[in-house]
Amino acid sequence: STQTGNGVLQRHSLAALENFEGESEIIDAVAANSSSIDSLVREAFISMCKTVNPNYPASIEYFIKGISEDNSHIYARNALYSVNSADGIKTFLRSIFDNQQFIHEFLDKESIFNKDDKQADQELIENIKNNLDEENITLLKKIVINAFTADKNYRAGDSYFLRQLALLIKSKEQNYL
């Protein structure tokens, strides 16, 4: 993909590629779009990753990058809700447990996604819950600790997401907290 023009062709092409569900190599073939200067192209790329294979390790990395760099946060966070396989969840947790930039951006924008009447992140929580194993519990503990020890995460104590992670850990380890 080139960086010229207005991105319409790239967006239409990425939308067309959404028809190739499960064909993960397509994601690698058009990866240059993930760093397009055009935010609409980046968002179309994330949408394509979500539709083609949200559990593909590269897709998960692009979702995390979109949130960490805060340049496609809404599309990337919504795409994360589709990560639901055992491997996908493990890839996600392994990629974020020590990623302070991701944790900060994720918590910082939480109020946009988690309202009193609807907790959008609950979908991700459920997907994690459905794939709990010993390693994932350990990764969840590290995420919670890193969220509370990072100096930028001043709102960690108010986090719905972190409370839910703590409850997931507690469901498996009664002595946690």
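Summarised in this report is the structure supplied together with it. (Residues numbered from 1 in each chain as written. Predicted model: local features only at pLDDT ≥ 70, side-chain atom pairs only at ≥ 80, totals over all residues. Heavy atoms only, no water.)

**Remarks on the nonpolar core**
Core analysis: the largest hydrophobic core is formed by 53 residues, its most contacted members being M48, L80, F92, F102, I128, L140 and L165. A per-element tally of this core places helix α3 (residues 39–52) first, with 7 residues. Not counting residues up to four positions away in its chain, the partners in contact with L80 are F63, I67, F92, F102, F106 and L124. (Core = buried A, V, L, I, M, F, W, Y, C linked by side-chain atoms within 4.5 Å. Buried < 20%, exposed > 50% of the residue type's maximum accessible area, 1.4 Å probe, protein only. Helix = DSSP H or I, 4+ residues; strand = E, 2+ residues; numbered from the N terminus. Contact = heavy atoms within 4.5 Å.)

**A closer look at helix α11 (residues 160–172)**
For an α-helix, 3.6 residues make a turn, and residues three or four places apart therefore share a direction. With 13 residues, α11 should reach 18 Å at 1.5 Å per residue; the first-to-last C-alpha distance of 19 Å fits that figure. Within α11 the residues assigned to the buried category are Y160, F161, L162, Q164, L165, A166, L168 and I169. Buried residues belonging to α11 abut α7 (100–108), α8 (110–113), α9 (122–129) and α10 (134–149). With a side-chain oxygen positioned 3.3 Å from the backbone nitrogen of F161, the residue opening α11 is S159. (Expected span 1.5 Å × (residues − 1). Polar contact = N/O pair within 3.5 Å; in protein donor to acceptor, adjacent residues only side chain to side chain.)

**Quick look at the layout of surface pockets**
Over the atoms a probe the size of a water molecule is rolled, and this reveals where empty space is left. Of the pockets and cavities examined, the largest pocket occupies roughly 200 Å³. For the largest pocket, the full set of lining residues is L107, E110, S111, N114, K115, D116, Q119, R155, D158, S159, Y160 and R163. Broken down by secondary-structure element, the contributors of at least two residues to the lining of the largest pocket are α8 and α11. (1 Å grid on protein atoms, 1.4 Å probe; cavity = no way out; pocket = protein on both sides within 12 Å on 5 of 7 lines; lining within 4 Å. Points joined across faces, edges and corners; volume = space filled by probe spheres on them.)

**Quick word on empty space enclosed by the protein**
Across all of its chains, the model carries 3 cavities of 30 Å³ or more by this definition. Taken as a whole, the largest cavity spans an internal volume of roughly 60 Å³. Around the largest cavity sit S34, R42, F45, I46, Y62, K65, G66, E69, N71 and S72, which together line it. If you list the elements that add at least two residues to the lining of the largest cavity, you get α3 and α4 (57–68). Taken together, the residues that form the lining of the largest cavity break down as 3 nonpolar, 4 polar and 3 charged. (Nonpolar A, V, L, I, M, F, W, Y, C, P; charged D, E, K, R; others polar.)

**Quick look at the pattern of salt bridges**
By the definition in use, this model includes 9 salt bridges. Of the charged contacts, one joins D121 and R77 as a salt bridge, the two residues approaching to 2.7 Å between their closest N and O atoms. Of the two residues, D121 sits in the loop between α8 and α9 while R77 sits in helix α5 (residues 73–80), which places them 44 residues apart along the sequence. On the basis of relative accessibility, which here comes to 0%, the residue D121 falls in the buried class. R77 sits in the buried class, given a relative accessible area of 0%. One salt-bridge network, in which partners are shared between bridges, spans D70, E105, D108 and K109. (Salt bridge = Lys/Arg side-chain N within 4 Å of Asp/Glu carboxyl O.)

**Here we look at the environment of K65**
Within the element layout of this structure, K65 appears in helix α4. In this structure the C-alpha to C-alpha distance between K65 and V8, which are 57 residues apart in sequence, comes to 23 Å.

**Details of the packing of helix α1 (residues 8–17) against α3**
Across the interface, α1 lies against α3 with an axial gap of 8 Å and an inter-helix angle of 5°. Between α1 and α3, the angle is such that the two are roughly parallel. Taking contact as the criterion, the partners of Q10, R11, L14 and L17 in α1 are, on α3, L40, V41, A44, F45, M48 and V52. By residue class, the composition of the contact of α1 with α3 is 8 nonpolar, 1 polar and 1 charged. (Axes fitted to C-alpha atoms, helices over the stretch in contact; angles between N-to-C directions. Parallel < 35°, antiparallel > 145°, perpendicular 65-115°, else oblique.)

**Here we look at unusual backbone geometry**
For D70, which is not glycine, the phi dihedral falls at a positive 55°. Among the secondary structure elements, D70 is positioned in the loop between α4 and α5. D70 gets classed as partly exposed once you look at its relative accessible area, which sits at 34%.

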